[in-house]
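Survey of secondary and tertiary structure
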Amino acid sequence: MAKTMTLNICHLYPDLMDTYGDKGNIAAIQKRCRWRGIDVNVTNITVGQLLSAFDFDLYFFGGGQDKTQTIVGRDLLKKEQILKKAIDNRAVLLSICGGYQLLQKYFKTKTGEIIKGIGLFDAYTVGSDDRMIQNLLIEINSELEQDIKDNYPTTDDRLPTTDLIGFENHSGKTYLGKNLKPLGKVIKGSGNNGEDKTEGAVYKNAFGCYLHGSLLPKNPHFADYLITKALERRYGKVKLIPLNDEIEWLAHKQATQRTRSTS
Amino acid sequence: MDLKLFLAILAGKSLAFVIRLFSGGATAAPGLIALKIDPDLVRKLNRKIKLGSVIVSGTNGKTTTARLTYDVLSIKYKVIHNRQGSNLLRGIASTLISNSSIFGKLKFDLAIWEVDEATLPESIKNVYPQTIVLLNLFRDQLDRYGEVDSTRTRWQKALKTLPKNTTLILNCDDPGISILEKSFAGKKIFFGVSDNQVKLPAVAIVADVKHCLVCSAGLIFTAQLSAHLGHYRCSKCNFKRPTPDISATNLMFKPDFSTSISLSSSGLTSTVNYSLPGLYNVYNVLAATAVSSRYNIDFLKVKNKIGEFSAAFGRFQKTKIKSRKLVTFLIKNPAGANEVIRTISKLSKINLLVILNDKIPDGRDVSWVWDTDWEILKDKVDNVFISGIRRFDMALRLKYAGFKLSKNNIYKEVNYSIVNTLQKLSTKDTLIVLPTYTALLDVQKTLNRAGEKVSKWQKQ
């Protein structure tokens, strides 16, 4: 029996960026690791605190209100180099809504003001009057799809779907640079900008998206994928133990049906 | 005579009559049609009210506060209130129409308007309030209202337009509310809880205000009573909690969900016992008391009225079906739900039924259940049952909170969930039901269907 694995999580700005039930994402990773005997440490890093590039396997960066986003944005510039180095070293990062926006090149507000981001994602966001507020269902990008299938442990080799379901609430429209891959294709909802059917972004093991809900509890395949990738950094190829995800998939299915049935 | 107004009232009254014939709900419909005929109806009629109107707004506690305020003001005045909870402009129009003669002559001297936080600025323009009560601002249905900061900014703009003879009644424990005094030069009355702690279990705090709204420095809380409500001051500038004019101390929450507080108003202090649970209702009682002081109503009479009060149907309600006790609490956002959870967590061996819907009045986004601290109930709950449109999201939340779930206890249908759950309990048990807004309507239907078997437990 191999020695117990440990996953070190960094929750970025949990005190300021916690608007839409983002706690559920941390809870999902924590529990899904502990149910498998994997130790988890969660470190909260906020404004004014130092970050080191090698301490964490997985970063989580949630959404916040505009005003706090400005405070966080300023501080994030000081963490830019370290965070980029961590991603270059194959650390995993999940960013949602406000967090996703701050990791892009810039955010241009409706009044034309430019809020600088750290440009981890080659993308930018423009404020708009459109409220993109609804359930959001996406088909995961084809490169990730196989990887997710390969890494999700099931007892009967059947993965119900690789789609992701969540709830989006943003007015900023995000546009991806030429070489940046989206996380997936919009089936129902607006996604990045409501125009090009893309949703989210993937750069190395860094993911950005507009999916709240919370995202990870009812998308267990994606949660396990992030856990696997984060563990691989230090433990090499990892095969997770299957869990009983019946309620997770029922929630996924119910939310998906609800999304498909509403206009 | 104002022909337009006359026709609008006539149309509204006729429609209301027809609706009554078919015993339908739709309380906003007469107002809606009347406003189509005379868009100025609300303005015209409000201008005629002898003592003007009182607006009550905020995320949590509007309905209960408006009802309490109605009761205490009725001690002295003839009051109306948009009681049906239809708190958009059309609801106000409906209430005005049914309380005026066909020629627009009013049958009352004072109006209480319970107003949605999103429509407060529009309401201020239309009802010429003499008094505005602002209770709190929490994250709530972000899919409908957008973020808390932007709601506050809209309020600030609207308050700046108020005439100086208006009175603003503010919760001084909410820094996001007390800051509003800076947007208004006239008379202000503050209310708050002066105890440094409350005798309720702690919950994971979801605070929407952590920074000074003047200078953005961190706020220091010497007492954090609920979410971002408490005793605070800025770490840098001179922004701090104002001293309350109306205050409560010695808060005692009893196992039968009644409460006792020492209530102070204009130099008088008295112990008040009333049958509403939780810290959140203390604020509602304080707000109503503050309004009563503004309208010079005898404190002792106010105190007695509060003691007699019972909550709006379903928001908090004790009933009995087939000799099994049922206690219902409406849940709708993290701050409110957390306070309900704290209140019921004083019990043990709880039988819990949670009903989560995601229709527009509930909020389409159910992610708020992850901001709610179900964890503190985990060891207090014996049996947990789940229903509602998004029952599996709720089940998942409770699974991750460490509850033991059985798939047999997850029900599609609300009525069935209640009836079946009760069958599984003994007559000694109490079932705690936590529905979201539209689920509450289903719960009420079930209770009504149980007909005469439902008796008011609290009156026995």
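Just so you know, these numbers come straight off a predicted model, no measurement behind them.

Reading the values: rules and limits
Residues numbered from 1 in each chain as written. Chains lettered and ligands numbered in written order. Predicted model: local features only at pLDDT ≥ 70, side-chain atom pairs only at ≥ 80, totals over all residues. Helix = DSSP H or I, 4+ residues; strand = E, 2+ residues; numbered from the N terminus. Expected span 1.5 Å × (residues − 1). Buried ≥ 20, exposed ≤ 12 C-beta atoms within 10 Å, placed from the backbone. Arc of directions from axis to C-beta. Contact = placed C-beta atoms within 7 Å. Nonpolar A, V, L, I, M, F, W, Y, C, P; charged D, E, K, R; others polar. Pairing = 2+ DSSP bridges. Right-handed = clockwise from strand over helix to strand, strands pointing away. Axes fitted to C-alpha atoms, helices over the stretch in contact; angles between N-to-C directions. Parallel < 35°, antiparallel > 145°, perpendicular 65-115°, else oblique. Left-handed = near helix turned anticlockwise from the far one by under 90°. Domains from an automatic or database assignment.

So, helix α1 (residues 3-21) of chain B
Because an α-helix packs 3.6 residues into every turn, residues spaced three or four apart end up facing the same way. All names here are of chain B. If you check α1, its first and last C-alpha atoms are 27 Å apart, about what 19 residues at 1.5 Å a residue would give, namely 27 Å. Looking only at α1, the buried set comprises Ala8, Ile9, Gly12 and Ala16. Along the axis of α1, the buried residues cluster in a sector spanning 95°; they form a single face. The exposed set on the far side of α1, more than 90 degrees from its buried face, consists of Leu3, Phe17, Val18 and Leu21. Packing partners of the buried residues in α1 comprise α2 (29-37), α3 (41-48) and α5 (89-98).

Brief notes about α5(B)
Residues and elements named next belong to chain B. The buried fraction of α5 amounts to nine of the ten residues, a majority that puts the element mostly inside the structure. For α5, the set of buried residues is Leu89, Arg90, Gly91, Ile92, Ala93, Ser94, Thr95, Leu96 and Ile97. Elements that come into contact with the buried residues of α5 comprise α1, α2, α3, β2 (79-81), β3 (110-114) and α6 (120-127).

Observations regarding the environment of Glu143(A)
Residue and element names in this part refer to chain A. Residue position: glutamate 143 is located in helix α4 (residues 142-151). A count of 10 C-beta atoms within 10 Å places glutamate 143 in the exposed class. Between the C-alpha atoms of glutamate 143 and tyrosine 210, which are 67 residues apart in sequence, the distance is 20 Å.

Notes on the interface of chain A and chain B
One frequent convention defines the size of an interface as the accessible area lost when the parts assemble. The partner chain B presents 23 residues to the 29 residues of chain A that form the contact. Elements supplying a minimum of two residues to the side of chain A that touches chain B: α1 (23-34), α2 (66-88), β8 (132-140), β9 (164-170) and α6 (246-261) of chain A. It is α6(A) that provides the largest number of residues to the side of chain A that touches chain B, a total of seven residues. Each residue belonging to the side of chain A that touches chain B can be placed in one class, and the counts come to eleven nonpolar, ten polar and eight charged.

Remarks on the pairing of strand β1 (residues 6-12) of chain A
Residue and element names in this part refer to chain A. Burial analysis of β1 places five of its seven residues in the buried class, which makes it a mostly covered element. Relative to strand β2 (residues 39-45), β1 runs parallel, the two sharing seven bridges. Directly across from threonine 6, in β2, lies its bridge partner aspartate 39. Once you follow β1 into α1 and on to β2, the crossover reads as right-handed.

Overview of the packing of α6(A) against helix α13 (residues 391-400) of chain B
Their axes nearest at 8 Å, the elements α6(A) and α13(B) cross at an angle of 150°. Classified by the angle between their axes, α6(A) and α13(B) sit roughly antiparallel to one another. Note that α6(A) runs across α13(B); the crossing there is left-handed. Across the interface between the two elements, Ile247(A), Glu248(A), Leu250(A), Ala251(A), Gln254(A) and Ala255(A) from α6(A) touch Phe392(B), Asp393(B), Ala395(B), Leu396(B) and Lys399(B) from α13(B). Looking at the contact of α6(A) with α13(B) residue by residue, the classes come out as seven nonpolar, one polar and three charged.

Comments concerning the domain arrangement of chain B
All names here are of chain B. Per the domain assignment, the segments making up chain B are domain 1 (3-308) and domain 2 (316-459). With centres defined by C-alpha atoms, the gap from domain 1 to domain 2 works out at 27 Å. Taken residue by residue, the interface counts 25 residues in domain 1 and 22 residues in domain 2. Elements supplying a minimum of two residues to the side of domain 1 that touches domain 2: α7 (142-145) and α10 (278-294). Its residues placed into classes, the side of domain 1 that touches domain 2 shows 15 nonpolar, six polar and four charged.

Some details on the pairing of strand β16 (residues 430-435) of chain B
All names here are of chain B. Counting buried residues in β16 gives five out of six residues, a clear majority hidden from the surface. Sheet topology note: the strand β14 (residues 350-355)/β16 ladder contains five bridges and is parallel. Bridged to leucine 353 within β16 is valine 433.

A look at the sheet that holds strand β14 (residues 206-209) of chain A
All names here are of chain A. Pairing is mixed across the open sheet formed by six strands, whose spatial order is β2-β1-β3-β4-β14-β13. The open sheet is flanked by β2 and β13 (201-203), the only strands paired with a single partner. Here the strands of the sheet are splayed against their neighbours by 15° on average, with no regard to which way each runs. Relative to strand β4 (residues 92-96), helix α5 (residues 220-235) is tilted by about 145°, and along the sheet it contacts β1, β3 (58-61) and β4.

Some thoughts on the environment of Ile246(B)
Residue and element names in this part refer to chain B. Relative to the elements of secondary structure, isoleucine 246 occurs in strand β9 (residues 246-253). The buried category is assigned to isoleucine 246, around which 24 C-beta atoms lie within 10 Å. Separated by 45 residues in sequence, isoleucine 246 and valine 291 have C-alpha atoms that sit 9.9 Å apart. Ignoring sequence-local partners within four residues, the contact set of isoleucine 246 consists of Ile189, Phe191, Ser264, Ser265, Leu286, Thr289, Ala290 and Ser293.

Details of the sheet that holds β9(B)
Residue and element names in this part refer to chain B. The sheet built from nine strands is open, its strands ordered β2-β3-β1-β4-β5-β6-β9-β10-β11 with mixed pairing. Because the sheet does not close on itself, it has two edges, and the strands there are β2 and β11 (268-274). Across the sheet, the axes of successive neighbouring strands diverge by a mean angle of 15°, strand direction being ignored. Summarising the sheet, strand β1 (residues 53-57) and strand β4 (residues 129-134) pair through five bridges and their orientation is parallel. Its bridge partner being in β4, isoleucine 55 is matched across the sheet by isoleucine 132. Against the sheet, helix α11 (residues 299-308) touches β10 (259-265) and β11, its axis set at about 15° to β11.

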